[in-house]
Amino acid sequence: MEKLVLPEQDIINAICVYVSRKKHIKPEEVEVELMYDDDTGFSAESFWNGRKQVLVMSNIIEALRLWLDEFLNEDPFAGIKLELDDEAGIIAFVG
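Here the structure is a predicted model, which means the values were calculated and not measured. (Residues numbered from 1 in each chain as written. Predicted model: local features only at pLDDT ≥ 70, side-chain atom pairs only at ≥ 80, totals over all residues. Heavy atoms only, no water.)

Colleague: Go over the sheet that holds strand E4 (residues 51-55), please, and point to the residues and values.
Modeller: An order of E2-E3-E4 is seen for the 3 strands of this open sheet, with the pairing classed as antiparallel. Strand pairing shows two members of the sheet lacking a second neighbour, strand E2 (31-37) and E4, which therefore form its edges. Going from strand to strand, the sheet's axes swing by 20° on average, the running direction of each strand aside. When E2 meets strand E3 (residues 41-48), the two strands line up antiparallel, connected through 7 bridges. Bridge pairing links Leu34 to Ala44 in E3. Seen against the sheet, helix H1 (residues 8-23) touches E2, E3 and E4 and runs at an angle of roughly 120° to E2. Helix H2 (residues 57-70) contacts E3 and E4 of the sheet and is inclined by roughly 70° relative to E3. (Pairing = 2+ DSSP bridges. Helix = DSSP H or I, 4+ residues; strand = E, 2+ residues; numbered from the N terminus. Axes fitted to C-alpha atoms, helices over the stretch in contact; angles between N-to-C directions. Contact = heavy atoms within 4.5 Å.)

See below:
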């Protein structure tokens with residue numbers, strides 16, 4: 001089985017949808033910044049209505065599962081691995 005690669009923009013979109021559903025706002029109202037730190041790993045900051053929320057790896061994976069299921073019609077429980085790519089930024093391998 002070939003692995004699906006999700007680009008950084010798909011990860012950001014997934015987090016926007018995820019946060020918007022939790023906060024009962026539109027996805028367009030959410031801004032996201034993805035981050036990687038050698039000590040803490042992957043995380044994201046989401047901003048909406050003057051507020052900020054930090055999402056940890058488990059939140060990002062949950063957002064990607066939602067994205068895979070509802071927007072890509074893929075198995076949401078396939079293995080998901082985030083990687084930092086020098087050229088593409090943060091990407092996700094699925095499967």
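Having seen the model, we can carry on.
Colleague: Before we move on, could you go through the sheet that holds strand E1 (residues 4-6) and cite the residues and values that matter?
Modeller: Strands sit in the order E1-E6-E5 across an open sheet of 3 strands; the sheet is antiparallel. Every other strand in the sheet has two partners, leaving E1 and strand E5 (80-85) as the edge strands with one partner each. Across the sheet, the mean angle separating the axes of adjacent strands is 30° when strand polarity is ignored. Each of E1, E5 and strand E6 (89-94) touches H1; the most contacted strand, E6, lies at about 80° to it.

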